[in-house]
Amino acid sequence: MSKSCRACHRGMTMVISGEEGVCLDCHGTAERRDIMVKRGYLKQRAVGYLADIDAEVRKPYAHPVRLVRGAHRSNELLPEEEVNAPRHAECVDCHESHSTDVETPFGGIKGKRVGNLVSQIEQEFELCYLCHSFSANLPAFSTDKHNEFKMTNPSFHPVEGEGKREFVVSLLQPYAARKNKPADISTISCSDCHGSDAPDAPGGPHGSIYRGLLKRNYETEDGYPESAFAYALCYTCHDRGSILSNESFSLHQQHIQGFSPDQPGTSCYTCHDAHGSTMNPYLLTFNQAVVEPTKEGKLEYKAEGVAAFHGSCTLVCHGVEHNPKTY
Ligand code: HEC
Ligand code: HEC
Ligand code: HEC
Ligand code: HEC
Ligand code: HEC
Ligand code: HEC
Ligand code: HEC
């Protein structure tokens, strides 16, 4: 498809900043698209099928497309190597405006810095790692995502490649609990979890009403009452019935729904990291705002055998000492 250069480059000099305004003329509200039709830059039929990305990036949890101005440089190469470079994410950081087609939305993006070379991006996670893996300007609250997903970890959600586990009993279709045929789907992508809350919304991690820019709700607080909604994100791929009937961890139900009215349940987040674990199998990474080490300073999980559904925990939680507690 060839769009008129003037659809985006205005004025005498064609100078353009890389801010979102030019994109939202056609990818924003229907009113803005109507104006572009009147000016002859957009075909009438496109008004109906182009999605409103503006509405997405205005949601409470969104890439800061609208919030950051003047930080993007047209010649920049990511990952960032300057500690003080302002963090930003403009449309053109994730999409190349001159070669966007339906098949490869970020095809043609400048590529990633690899030493002194530039290498093309082929997979979605590589695009995300431009800013969420090694970046000299990564904020203190954020972590290196490649470190969490790398396939040498004891466990990881299968984004960079196939998972390790032969059998994940709770998995729902189309994912295969047991991998038998080569066609069985067992990998997922960042945007299977991060994206719009609205099922009919455009794909991509533009914005969501749910914390963490997640497609579904996910409560991370200790003591929150369990429900299909509370952990909706996990329950889209892991059967709630399987988890709460203790098909894998024999104490799942008690920990998630609570032992008694004065010992309420806890979030998956207390025990599992949604990305991966550099220490343990089963994505086990204890939330240290809730779980503490024992008097001896131990905070650990030990699996017994391989996928034997047995293990032990050494830690203190809700004042209850596990030293160790086996299951
Ligand atoms: C869909 C909008 C859009 C269209 C259509 C478009 N451009 Fe661009 N162009 C941009 C944006 C946005 C930038 C700035 C990219 C950045 O800052 O990273 C840019 C940058 C450029 C640059 C600067 C060098 C570069 O690649 O960063 C040149 C030259 C250019 N465009 C030429 C053209 C020509 C010639 C046409 C018509 C054949 C055209 N553009 C059509 C959006 C567009
Ligand atoms: C003149 C209107 C117009 C402008 C301005 C415009 N686009 Fe588009 N864009 C379209 C149309 C129409 C499509 C549908 C597919 C096609 O015809 O290529 C599209 C497709 C896309 C796609 C592919 C996904 C899809 O739905 O097919 C992406 C990504 C995209 N545009 C990003 C941008 C970005 C980033 C900018 C700003 C630099 C921009 N667009 C500016 C009209 C526009
Ligand atoms: C050009 C840089 C850039 C790229 C590429 C990028 N991000 Fe981000 N992302 C940011 C910035 C900036 C923030 C704001 C917080 C920060 O500075 O880390 C952010 C925040 C987020 C957040 C937290 C949002 C919230 O409200 O809690 C998620 C989730 C996220 N990004 C996922 C992704 C995913 C998935 C991809 C790949 C499809 C991706 N990002 C690609 C720059 C980027
Ligand atoms: C988009 C689908 C999807 C979502 C959403 C999802 N998972 Fe998974 N999960 C998978 C797949 C696929 C596997 C299998 C990995 C393998 O084959 O090793 C898996 C495996 C796991 C494992 C076992 C990992 C191992 O190595 O033993 C745990 C634990 C887990 N998920 C917890 C969660 C939690 C907690 C959530 C919610 C925060 C969640 N999952 C959300 C798809 C998903
Ligand atoms: C199985 C679901 C799932 C997948 C797949 C997933 N995430 Fe997340 N992500 C979460 C959840 C849940 C949170 C919020 C709680 C937390 O921080 O663990 C989160 C938080 C984040 C944050 C905000 C916290 C921070 O450290 O800045 C970023 C950024 C992020 N994810 C990036 C990514 C990227 C990049 C990928 C792909 C390489 C990815 N995520 C894949 C579930 C997922
Ligand atoms: C942090 C990276 C990031 C930013 C910033 C971003 N996008 Fe996207 N966008 C994506 C990804 C990833 C997809 C989904 C690709 C896929 O799964 O096919 C996508 C999809 C799209 C699509 C196709 C949606 C559909 O399902 O038809 C359009 C159009 C689009 N983006 C436009 C924009 C515009 C306009 C902006 C700026 C207002 C923007 N994007 C900002 C990453 C980003
Ligand atoms: C008290 C800690 C704890 C909490 C809370 C917890 N889990 Fe687990 N989970 C475990 C342990 C331990 C295992 C490993 C069991 C084994 O030995 O196979 C496990 C295994 C799993 C597995 C892999 C096996 C399977 O069932 O498919 C999934 C998926 C899983 N948990 C999801 C969840 C979800 C979703 C939640 C929240 C609704 C949650 N867990 C809450 C400790 C916990």
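Residues numbered from 1 in each chain as written. Chains lettered and ligands numbered in written order. Predicted model: local features only at pLDDT ≥ 70, side-chain atom pairs only at ≥ 80, totals over all residues. Heavy atoms only, no water.

Participant: Which residues make up the pairing of strand S12 (residues 320-326), and what values do they have?
Facilitator: Bridge analysis of strand S11 (residues 310-317) against S12 gives five bridges, and the strand direction is antiparallel. Bridging from a neighbouring strand, Cys313 pairs with Lys325 of S12. In textbook terms, the turn of a hairpin is the stretch between consecutive antiparallel strands, and for S11 and S12 this stretch comprises two residues, one of which, His318, has a positive phi near 50 degrees. (Pairing = 2+ DSSP bridges. Helix = DSSP H or I, 4+ residues; strand = E, 2+ residues; numbered from the N terminus.)

Participant: Give me the site of ligand 4: which residues, what numbers.
Facilitator: By nearness alone, 25 residues border ligand 4, and His157, Arg165, Cys234, Cys237 and His238 come closest of all. Between ligand 4 and Arg165, the relevant distance is 2.8 Å, taken from an oxygen atom to a side-chain nitrogen or oxygen of the residue. One of the side-chain N or O atoms of His238 is found 2.8 Å from a nitrogen atom in ligand 4. At the level of elements, helix H8 (190-193) and helix H9 (232-235) are the ones that each hand at least two residues to the shell around ligand 4. When the residues that make up the shell around ligand 4 are grouped by side-chain class, the tally is 14 nonpolar, seven polar and four charged. (Near = heavy atom within 4 Å. Polar contact = N/O pair within 3.5 Å; in protein donor to acceptor, adjacent residues only side chain to side chain. Nonpolar A, V, L, I, M, F, W, Y, C, P; charged D, E, K, R; others polar.)

Participant: Describe the coordination of the iron atom of ligand 6, listing the residues and the values that go with them.
Facilitator: Here the iron atom of ligand 6 is held by the protein donor atoms His95 (NE2) and His206 (NE2), which lie 2.0 Å from it. You can call His95 partly exposed: its relative accessible area is 29%. A relative accessible area of 17% places His206 in the buried class. (Donors = N, O, S within 2.8 Å, 3.2 Å for Na, K, Ca; no water. Buried < 20%, exposed > 50% of the residue type's maximum accessible area, 1.4 Å probe, protein only.)

Participant: Can you tell me about the coordination of the iron atom of ligand 3, naming the residues and giving the values?
Facilitator: At this site the iron atom of ligand 3 is bound by His63 (NE2) and His132 (NE2), with donor distances of 2.0 Å. The site at the iron atom of ligand 3 holds six donor atoms, and with the angles between them running 89 to 179 degrees, its shape is octahedral. Remark: His132 occurs in helix H6 (residues 124-132) and His63 occurs in the loop between strand S1 (61-62) and helix H5 (91-94); sequence separation between them is 69 residues. You can call His63 partly exposed: its relative accessible area is 27%. (Tetrahedral: all angles 85-135°; square planar, octahedral: opposite > 155°, others 65-115°.)

Participant: I'd like a description of the side chain of Ser277, backed by residues and values.
Facilitator: Positionally, Ser277 belongs in strand S8 (residues 276-277). Taking the relative accessible area as the measure of exposure, Ser277 reaches 1% and is therefore buried. Here the side chain of Ser277 touches Leu284 through a polar contact of 3.0 Å, landing on its backbone oxygen. At 3.4 Å, the side chain of Ser277 forms a polar contact with the side chain of Thr285.

Participant: Before we move on, can you summarise the packing of aromatic side chains with the specific residues and values?
Facilitator: Enumeration over the complete set of coordinates arrives at six aromatic pairs. Between Tyr210 and Phe229 the ring centres are 6.2 Å apart and the planes differ by 65 degrees, which places this aromatic pair in the edge-to-face class. Of this pair, Tyr210 sits in the loop between strand S5 (207-208) and H9 while Phe229 is found in the loop between S5 and H9, placing the two residues 19 residues apart along the sequence. Under the relative-accessibility criterion, Phe229 is labelled partly exposed at 46%. Between Tyr218 and Tyr231, the ring centres sit 6.4 Å apart and the planes meet at 70 degrees, which makes this aromatic pair edge-to-face. In this pair, Tyr218 sits in the loop between S5 and H9 while Tyr231 sits in the loop between S5 and H9, placing the two residues 13 residues apart along the sequence. Residue Tyr218 is classed as buried on the basis of its relative accessible area of 10%. Connected via pairs of aromatic rings, a cluster forms that spans Tyr218, Tyr231 and Tyr235. (Phe/Tyr/Trp six-rings, centres within 6.5 Å; stacked < 30°, edge-to-face > 60°.)

Participant: So what about the domain arrangement of the protein chain? Which residues, and what values?
Facilitator: Examined at the domain level, the protein chain breaks down into domain 1 (5-132) and domain 2 (145-327). The C-alpha-based centres of domain 1 and domain 2 are spaced at 33 Å. Taken together, the contact between domain 1 and domain 2 spans 15 residues of the former and 21 residues of the latter. Roughly 1500 Å² of surface becomes buried between domain 1 and domain 2 when both sides are summed, with 61% attributable to carbon and sulfur atoms. Of all residues in domain 1, the largest losses of buried area upon contact with domain 2 belong to Glu56, Tyr61 and Tyr129, amounting jointly to 39% of the total for that side. Our enumeration of links across domain 1 and domain 2 arrives at one salt bridge. Of the charged contacts in the structure, one is a salt bridge between Asp197 and Lys59, with a shortest N-O distance of 3.1 Å. Counting the contacts that link domain 1 with domain 2 gives 10 residue pairs in polar contact (both at pLDDT 80 or more). (Domains from an automatic or database assignment. Contact = heavy atoms within 4.5 Å. Buried area = accessible area lost by both parts, 1.4 Å probe. Salt bridge = Lys/Arg side-chain N within 4 Å of Asp/Glu carboxyl O.)

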